[in-house]
Amino acid sequence: MEQIFNLQQNPLKHRIEEGLGEISAYIMTLNDDDQTAAENAFYLAVKKRMNARAYENDNNQYLSGLLEDVLEGQREFSQTCYANCHADNVFMFLKTLLTSLYGE
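Residues numbered from 1 in each chain as written. Predicted model: local features only at pLDDT ≥ 70, side-chain atom pairs only at ≥ 80, totals over all residues. Heavy atoms only, no water.

A. How the structure looks around the pattern of salt bridges. Counted by the stated rule, this structure contains six salt bridges. Here Lys-48 and Glu-76 are joined by a salt bridge, their closest N and O atoms 2.9 Å apart. Separated by 28 residues along the polypeptide, Lys-48 in the loop between α2 (32–47) and α3 (59–80) and Glu-76 in helix α3 bring together distant segments of the chain. Taking the relative accessible area as the measure of exposure, Lys-48 reaches 41% and is therefore partly exposed. The partner of Arg-53 in a salt bridge is Asp-69, with the nearest N and O atoms 2.5 Å apart. Separated by 16 residues along the polypeptide, Arg-53 in the loop between α2 and α3 and Asp-69 in helix α3 bring together distant segments of the chain. Since its relative accessible area comes to 28%, Arg-53 is described here as partly exposed. (Salt bridge = Lys/Arg side-chain N within 4 Å of Asp/Glu carboxyl O. Helix = DSSP H or I, 4+ residues; strand = E, 2+ residues; numbered from the N terminus. Buried < 20%, exposed > 50% of the residue type's maximum accessible area, 1.4 Å probe, protein only.)

Here it is, written out as structure tokens:
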């Protein structure tokens, strides 16, 4: 899977992209069908939404926006793709990553 994340410059960029790299590594361990579903989930949350999120000098506000991006990606996935537990894991991993950074 090519690296599809390139967040805008912000104080949390390195930490978030490190976590996104770990999620990408998890996706690469899956069989073909599950990998495709997980990649679609990752794409809808990260590339389509999170990469475009602007940072406006407040970490918690930025993280809240990123969490909303994940939820919107999850909603779109549920409307356009077949349910898959590994895609669900991707969304859960993204939410866990972002909530773990609150207060930093």
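Picking up after the structure, the text goes on.
B. Highlighting the side chain of Arg-49. Examined against the element boundaries, Arg-49 turns out to sit in the loop between α2 and α3. What makes Arg-49 buried here is its relative accessible area of 16%. With near-sequence residues (within four places) excluded, Arg-49 lies in contact with Leu-44, Asp-69, Glu-72, Gly-73 and Glu-76. (Contact = heavy atoms within 4.5 Å.)

C. Seen up close, the environment of Gly-21. Here Gly-21 shows up in helix α1 (residues 13–28). Looking at Gly-21, the relative accessible area reads 28%, which means it is partly exposed. Separated by 74 residues in sequence, Gly-21 and Lys-95 place their C-alpha atoms 15 Å apart.

D. Quick look at the side chain of Asn-10. Secondary-structure assignment places Asn-10 in the segment before α1. At 2.7 Å, the side chain of Asn-10 and the backbone nitrogen of Leu-12 are in polar contact. Setting aside chain neighbours within four positions, we find Asn-10 in contact with Tyr-55 and Tyr-62. (Polar contact = N/O pair within 3.5 Å; in protein donor to acceptor, adjacent residues only side chain to side chain.)

E. Main features of the packing of aromatic side chains. According to the stated counting rule, one finds three aromatic pairs in the structure shown. A centroid spacing of 5.2 Å and a plane angle of 70 degrees characterise the contact between Tyr-55 and Tyr-62, whose relative ring orientation is edge-to-face. (Phe/Tyr/Trp six-rings, centres within 6.5 Å; stacked < 30°, edge-to-face > 60°.)

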